[in-house]
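Close look at the chain arrangement
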Amino acid sequence: MCGIVGYTGKKQCRDILVNSLRKLEYRGYDSAGIAVMEDGHIKTVKAKGKINDGLIVKLSESGELNAVTGIGHTRWATHGEPSDINSHPIGNSRVSIVHNGIIENYRKLKNFLIGKGYKFESETDTEAAAKLIDYYYNGDPVDAISKAVTDIEGAYSLGIIFRDFPDMIYAVRKDSPLIVGIGDGEMYIASDMTALLEYTKKYYLLDTGEIASISAKGAVICDLHGNKINKEVQTATWDVSEAEKGGFEHFMLKEIHEQPAAVRKTISPRIKDGLPCFDECGLTDEMIRGYKHIYIIACGSAMHAGLIGKYIIESLARTPVIVDIASEFRYRNPLLTADDLVVIVSQSGETADTKAALELANEVGADTLALVNVVGSSIAREAKMVMYTYAGPEISVASTKAYMVQSAFMYLLAFRVALARGRITEEECRELVAKLETMPDLIAECLSDLDPYRRSASRLVGADSLLYIGRGLDYALSMEGSLKLKEISYIHSESYAAGELKHGTISLIDDGMPVIAVATQRDLLAKTISNMREVKTRGAYVIAVCPKGVSIDSESADDIIEIPSADDMFMPLVAVVPLQLVAYYASVLRGNDVDKPRNLAKSVTVE
Ligand code: M6R
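Reading guide: rules and limits
Residues numbered from 1 in each chain as written. Predicted model: local features only at pLDDT ≥ 70, side-chain atom pairs only at ≥ 80, totals over all residues. Heavy atoms only, no water. Helix = DSSP H or I, 4+ residues; strand = E, 2+ residues; numbered from the N terminus. Rg over C-alpha atoms; globule rule 2.2 N^0.38 Å. Buried < 20%, exposed > 50% of the residue type's maximum accessible area, 1.4 Å probe, protein only. Contact = heavy atoms within 4.5 Å. Areas by Shrake-Rupley, 256 points an atom, 1.4 Å probe, with all protein chains shown as cover. Lys, Arg positive; Asp, Glu negative; His and termini not counted. Charge placed at Lys NZ, Arg CZ, Asp CG, Glu CD. Near = heavy atom within 4 Å. Polar contact = N/O pair within 3.5 Å; in protein donor to acceptor, adjacent residues only side chain to side chain. 1 Å grid on protein atoms, 1.4 Å probe; cavity = no way out; pocket = protein on both sides within 12 Å on 5 of 7 lines; lining within 4 Å. Sits in = over half its atoms within 2 Å of the grid points. Nonpolar A, V, L, I, M, F, W, Y, C, P; charged D, E, K, R; others polar. Domains from an automatic or database assignment. Axes fitted to C-alpha atoms, helices over the stretch in contact; angles between N-to-C directions. Parallel < 35°, antiparallel > 145°, perpendicular 65-115°, else oblique. Points joined across faces, edges and corners; volume = space filled by probe spheres on them. Pairing = 2+ DSSP bridges. Phe/Tyr/Trp six-rings, centres within 6.5 Å; stacked < 30°, edge-to-face > 60°. Lys NZ or Arg CZ within 6 Å of the ring centre and 35° of its normal.

Moving on: the overall build of the protein chain. Helices and strands together make up the secondary structure of the protein chain, namely 18 helices and 26 strands. Taken over the C-alpha trace, the protein chain has a radius of gyration of 25 Å; the compact-globule value for 607 residues is 25 Å, and the two agree within 12%. Dimensions of the protein chain, computed from C-alpha atoms along their principal axes, come out at roughly 75 × 55 × 45 Å. In the protein chain, buried positions account for 61% of the 607 residues. For the protein chain, restricting intrachain contacts to residue pairs at least 6 apart in sequence, the fraction spanning at least 24 positions comes to 71%. For the protein chain, the accessible area works out to roughly 22,500 Å², and carbon and sulfur atoms hold 48% of it. The protein chain carries 66 positive and 83 negative side-chain charges, and their two centres are separated by 2 Å.

What follows concerns the site of the ligand. Around the ligand, a shell composed of 14 residues is seen, among which Ser346, Gln347, Ser348, Thr351 and Glu487 lie nearest. Here Thr351 contributes a side-chain N or O atom positioned 2.4 Å from an oxygen atom of the ligand. For the ligand, whose free accessible area comes to 410 Å², the fraction covered by protein is 90%. Judged by its atoms lying within 2 Å of the grid points, the ligand is housed in the largest pocket. For the shell around the ligand, the secondary-structure elements that each account for two or more residues are helix H9 (300-317) and helix H16 (473-489). Looking at side-chain class alone, the shell around the ligand contains five nonpolar, seven polar and two charged residues. Residue contributions to the shell around the ligand reach at least three from each of two domains, namely domain 2 (251-437) and domain 3 (451-589).

Turning to the packing of helix H13 (residues 401-420) against helix H14 (residues 426-446), a few remarks are in order. Contact geometry of H13 with H14 gives a least axis separation of 9 Å together with a crossing angle of 170°. On the basis of their axis angle, the class for H13 and H14 is roughly antiparallel. Residue-level inspection shows Met404, Ala408, Tyr411, Leu412, Phe415 and Leu419 of H13 in contact with H14, the latter providing Glu426, Cys429, Leu432, Val433, Leu436 and Ile443. Here the residues of the contact of H13 with H14 are counted per class, giving 11 nonpolar, no polar and one charged.

Rolled over the atoms, a probe with the dimensions of a water molecule shows which regions are left empty. Inspection of the entire model under this criterion finds one cavity of 30 Å³ or more. Taken as a whole, the largest cavity encloses approximately 60 Å³ of empty space. For the largest cavity, the full set of lining residues is Cys2, Arg75, Trp76, Thr78, His79, His88, His99, Gly101, Thr124, Asp125 and Thr126.

Moving on: helix H5 (residues 141-151). Burial in H5 covers these residues: Pro141, Val142, Ala144, Ile145, Ser146, Ala148 and Val149. Against helix H4 (126-136), strand S7 (154-162), strand S8 (169-174), strand S12 (210-215) and strand S13 (218-222) lie the buried residues of H5. Two or three places before Val142, at the start of H5, stands the capping residue Asp140, its side-chain oxygen 3.1 Å from that residue's backbone nitrogen.

What follows covers the sheet that holds S13. For sheets, the rule is that strands pair by backbone hydrogen bonds, running either parallel or antiparallel. Taken in spatial order, the six strands make up an open sheet running S5-S6-S7-S8-S12-S13, and their pairing is antiparallel. Each of the sheet's edge strands pairs with one partner strand only, and the pair in question is strand S5 (90-91) and S13. Here five bridges tie S12 to S13, and the two strands are oriented antiparallel to one another. By the bridge assignment, Ile214 is partnered in S13 with Ala219.

Let's shift gears to the packing of aromatic side chains. Following the criterion strictly, the structure yields 13 aromatic pairs and no others. Judged by centre distance (5.3 Å) and plane angle (90°), the rings of Phe112 and Tyr135 are edge-to-face. Linking Phe112 in helix H3 (residues 106-115) with Tyr135 in helix H4, this pair joins segments that are 23 residues apart in sequence. One aromatic cluster is present, formed by Tyr137, Phe162, Phe165 and Tyr170 through successive ring pairs. Here the basic side chain of Arg459 rests over the ring of Tyr541, its NZ or CZ set 3.7 Å away from the ring centre.

This next bit is on the pairing of S8. In terms of burial, S8 is largely enclosed, as five of its six residues are buried. Hairpin connection between S7 and S8: a loop of six residues separates the two successive antiparallel strands. Pairing of S8 with S12, which is carried by five bridges, proceeds in the antiparallel orientation. Each residue of the ladder has a partner; that of Ile169, found in S12, is Ile214.

Time to look at the layout of surface pockets. By volume, the largest pocket is sized at about 620 Å³. What lines the largest pocket is a set of 32 residues, and nearest its centre among them are Cys299, Gly300, Ser301, Lys602 and Val604. For the lining of the largest pocket, the secondary-structure elements that each account for two or more residues are H9, strand S19 (341-346), helix H11 (352-364) and H16. Considering each element in turn, the lining of the largest pocket owes the most residues, five residues, to H9. A class-by-class count of the residues in the lining of the largest pocket yields 15 nonpolar, 12 polar and five charged. Put simply, the second largest pocket is a space of about 450 Å³.

This brings us to the sheet that holds strand S11 (residues 202-205). The sheet built from eight strands is open, its strands ordered S3-S2-S4-S1-S10-S9-S11-S14 with antiparallel pairing. Each having just a single partner strand, strand S3 (41-48) and strand S14 (234-235) make up the two edges of the open sheet. Here strand S9 (residues 179-182) pairs with strand S10 (residues 187-190) via four bridges, running antiparallel. Counted as the bridge partner of Ile179 is Ala190 from S10. Sheet contacts for helix H1 (residues 13-24): strand S1 (3-8), strand S2 (31-38), strand S4 (69-75) and S10; angle to S1, the most-contacted strand, approximately 155°.

Right, let's get into the environment of Tyr468. Structurally, Tyr468 can be placed in strand S22 (residues 465-470). Taking relative accessible area as the criterion, Tyr468 reaches 0% and is therefore assigned buried. Distance from Tyr468 to Ala544, taken between C-alpha atoms, is 9.9 Å for residues 76 residues apart in sequence. Setting aside chain neighbours within four positions, we find Tyr468 in contact with Ser478, Gly481, Ser482, Leu485, Ser493, Glu494, Ser495, Tyr496, Ile516 and Leu579.

Peptide bonds are mostly trans, and most non-glycine residues show a negative phi. The amide bond that connects His88 to the next residue, Pro89, takes the cis arrangement and shows omega of 0°. Relative to the helices and strands, Pro89 is located in the loop between S4 and S5. Although it is not a glycine, Asp175 sits at a positive phi angle of roughly 75°. Relative to the helices and strands, Asp175 resides in the loop between S8 and S9. On the basis of relative accessibility, which here comes to 25%, the residue Asp175 falls in the partly exposed class. In this model, Arg318 sits at a positive phi of 50°, which is unusual for a non-glycine residue. Following the sequence through the fold, Arg318 ends up in the loop between H9 and strand S18 (321-325).

That's the geometry; what it means functionally is another story.
Here is the structure:
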């Protein structure tokens, strides 16, 4: 959460900072600000609210800035409400910092600094870090930063400017992501590469405990003891156009439309001779045969993709799969052993709980396989094996294409595990892979006419609450549909196993209450239809999502969204599209900021 940027070079930095911050706004949008070096002074402009609502207004009021070095920040509030005073950059006339992460011992540091005569203005943990650096500053920025970092506990990254070094920016990383962008006679810092794609594709990835001293000519990177470190130059593979809306009204809509291509890109390189191939990460059949359990650990939509994985791995490979929410897994003393495989799923590769779960699994000695979208992210680097999803940058806070490719990957994994364990033959495996390869076309077919989704969404916009129901894979999918809807429309919804309704939840059904029934699993259809009738009889307005050719009568559903048909096992990859689009249109119709839903941030780097 929170996005950090910085620039030093020959150009006026104001617009570069603001432009880069816009690209990071998905990381948090409670406030935004910049601090620049102007005529030997640190000048700070910051405001509560999204960049356009606050910072831009303040910048226009504050007149021209003449500065070629500065730092910027977009905030997801953790300590202190969203307000001008709690906005970053934070500091004093000598030093100013932007911060992503949490300073866990900030109270102790604050008390110490108050004892030394410092006065505090904000409620943030960041102010303690800024003042601690100032306290240790004795003319040598790196020395001050090293000393402060030694005292600070937590996971964080900082961008820093010092009045005495007007052409420099400094950066330090402790767990939270930070990169140093390399330009031609200019340098940058950013929380992630999407901020800089317009300016450069070359960068250094800072590791924990590294401090960068950055001038227009380059960066000197050292550890906390001042030892210089030679860093490899990385090159981003994403293109600037991928991080722009490209004519779509919202990133979410664009990303939904990118799904067919994203699935192709993700699965194709992992198919060799018609079979799933995991050579790139070193996962062999022998290893697969040795695992007692497979754990899939993730948060939010990534965890829902893991649930799809559980159903198909268990049914095809007859191998026990435990799916866990990372924040639960890490604290429940799991029965994990060195004989297990732990698959860690994360779009950002930076989610704090997911990363902690990975660290736990590594400590236990289990094999860890990260399935990650952001190249070089913490989770990708800390796992024993890594496979990348090729969704391209996902900007919308609501995950769509990342969930889709994570789910598609689960099929490849299920097929390989089933093959390695002798549960399916090579021929059967090839047939399954061939079916998976047709899915991008079916996903694209779902996108050819958006009207049915808009129509169904219009039935939901006035509702206070609704239910998603389904059985088996449809239940797993219902969870994703429900999360998507509540996340961006702010309509309360719950997903429920259709067969479980009668054990309590059915009492919620009231006249006109919408129920979205996911009914794609033909072997369970009769039972799901009974459950739809039960809620419809009690007044629910039932919207059924089902494959073409399945007949659902008017006693069971009021509205039917028909989708292309595939084998039951593959239906989640198709059926999620209408769920995403119904949520999207519900959000649009309610006038919400679809890509930046309230209270949320894309990359959840705090627990
Ligand atoms: O970056 P990650 O995949 O680790 O993020 C996990 C969740 O925070 C994420 O999927 C979240 O649930 C989405 N906003 C859902 O749309």
